[in-house]
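Survey of secondary and tertiary structure
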Amino acid sequence: MTFSFKLRAPIAATLVLGFGCTSPEHPSSPSSTQPRAEWALAIHGGAGHFGEEDLNPEQQKAYDSSLSRALELGEAMLERGSPALDVVEIVVRMLEDDSLFNAGRGAVFTSEGTHELDASIADGATRNCGAVTGLQGYRHPISVARLVMDSSEHVFFSGHGAGEFARTQGAEPADASWFDTSKAYERYLRAAAREGDDPVPLEEKRGTVGCVALDASGNLAAATSTGGMTYKRHGRIGDSPVVGAGTWADNRTCAVSATGWGEYFIRTGVTQDIHSRMLHGNQSLQSACESTIFDEMGALGGDGGVVAVSADGQVALVFNSAGMFRASAVKQGQEVNRQVAMFGPYQR
Ligand code: ASP
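A short tour of the structure in this document, coming up. Everything numeric in this text was worked out from a predicted model, so none of it was measured. (Residues numbered from 1 in each chain as written. Predicted model: local features only at pLDDT ≥ 70, side-chain atom pairs only at ≥ 80, totals over all residues. Heavy atoms only, no water.)

**A word on the packing of helix α8 (residues 270-281) against helix α9 (residues 285-300)**
The geometry of a pair of packed helices is captured by two quantities: the angle between their axes and the separation between those axes. Relative orientation of the contacting elements α8 and α9 amounts to 135 degrees, with a least axis distance of 9 Å. Between α8 and α9, the interaxial angle falls into the category oblique. The handedness of the crossing between α8 and α9 is right-handed. For the pair α8 and α9, the contacting residues are Val270, Asp273, Ile274, Arg277 and Met278 in the first and Leu285, Ala288, Cys289, Ser291, Thr292, Ile293, Glu296 and Met297 in the second. The class makeup of the residues in the contact of α8 with α9 is eight nonpolar, two polar and three charged. (Axes fitted to C-alpha atoms, helices over the stretch in contact; angles between N-to-C directions. Helix = DSSP H or I, 4+ residues; strand = E, 2+ residues; numbered from the N terminus. Parallel < 35°, antiparallel > 145°, perpendicular 65-115°, else oblique. Left-handed = near helix turned anticlockwise from the far one by under 90°. Contact = heavy atoms within 4.5 Å. Nonpolar A, V, L, I, M, F, W, Y, C, P; charged D, E, K, R; others polar.)

Right, here's the structure in full:
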């Protein structure tokens, strides 16, 4: 286990922060006695079957610096008072442009040698959401999902219709070659060589990105973006664009972004299950995430994890896979508590 706790000097800027909770009839975190954090942020870059021995020091450094950069961007925005919804979108855009991850540039190939991108975004203040699946040819699927939420009367577009919507909204196009990377292509070739033989090994499949945030006004948001699973069949939809399975935000409880074996996350409605445990079962964020990941999704045979933040700014980074690329920052008083980590095992 290689948790690296980095406690840097407190941020000098002083903000005037509101502590109003949006829904007095639902306590922000059922079992919490702590005052609400000023803001909080958590990021993932995918979960999978990797241990320390699978990544050489250079690769570890590359992941550490990509996650740290994304964390710094989100922190700076939250410190300036930006809304959580903007923060999660902008952080995920940065990760979509980073070819280390399976989202945007660097997305995995389908069995047909294409990239079909999935993304969703959720706003805890309004409980509105937007999602796209099977999107092709747009650089930032997360921003197309945001446009679906903000500029349409619908919440979910697929395939050709998603592309048409993106075009009419002026979303930034990108050539198919923008998404191609040698790492994803090598995985595709390895998977193709196995067709009809062994299944694609789990460690070859994943690397979704996601971000959750609580902002200074007490609003929560979540965003998730992925290329899906290596060698997925044309038209296959995972959990990442499915609000309630891969993404969730509700100011009464939490914001959650998931990563892992999508079929199992859909079958157990992971992100909504975490919310419901908090809302109806009075569970804390940590306990709700652990129950869902281990006793529901994991018990069926799935694997992966979630990053989550509660309405009072607690953060949970929970996974039952060997590793999960993850990072978080919480500002409590003048102190910012940060962590960036990759490996497990997760100790329940
Ligand atoms: N959950 C994603 C999917 O099933 C993959 C991942 O998170 O790695 O499409």
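**Some remarks on the sheet that holds strand β11 (residues 315-319)**
Reading across from one edge, β8-β9-β10-β11 is the order of the four strands in this open sheet, with antiparallel pairing throughout. What marks the edges here is a single partner per strand, and that holds for β8 (247-249) and β11. Neighbouring strand axes in the sheet, compared pairwise and without regard to direction, differ in orientation by 10 degrees on average. Bridging between strand β9 (residues 254-260) and strand β10 (residues 304-310) involves seven bridges; their strand directions are antiparallel. Each bridged residue has a counterpart across the sheet, and for Thr259 the counterpart in β10 is Gly305. Against the sheet, α9 touches β9, β10 and β11, its axis set at about 15 degrees to β11. (Pairing = 2+ DSSP bridges.)

**Some points on a nonpolar patch on the surface**
The grouping of Val155, Phe156 and Ile237 at the surface amounts to a nonpolar patch, some 240 Å² of accessible area in total. With respect to the helices, strands and loops of the structure, Val155 is situated in the loop between α3 (141-151) and β5 (156-158). Residue classification places Val155 among the partly exposed residues on the basis of a relative accessible area of 40%. (Patch = residues over 30% accessible without salt bridge, like charges linked within 9 Å, V, L, I, M, F, W, Y side chains within 5 Å. Areas by Shrake-Rupley, 256 points an atom, 1.4 Å probe, with all protein chains shown as cover. Salt bridge = Lys/Arg side-chain N within 4 Å of Asp/Glu carboxyl O. Buried < 20%, exposed > 50% of the residue type's maximum accessible area, 1.4 Å probe, protein only.)

Keep in mind that these numbers describe shape and distance, not what the molecule does.
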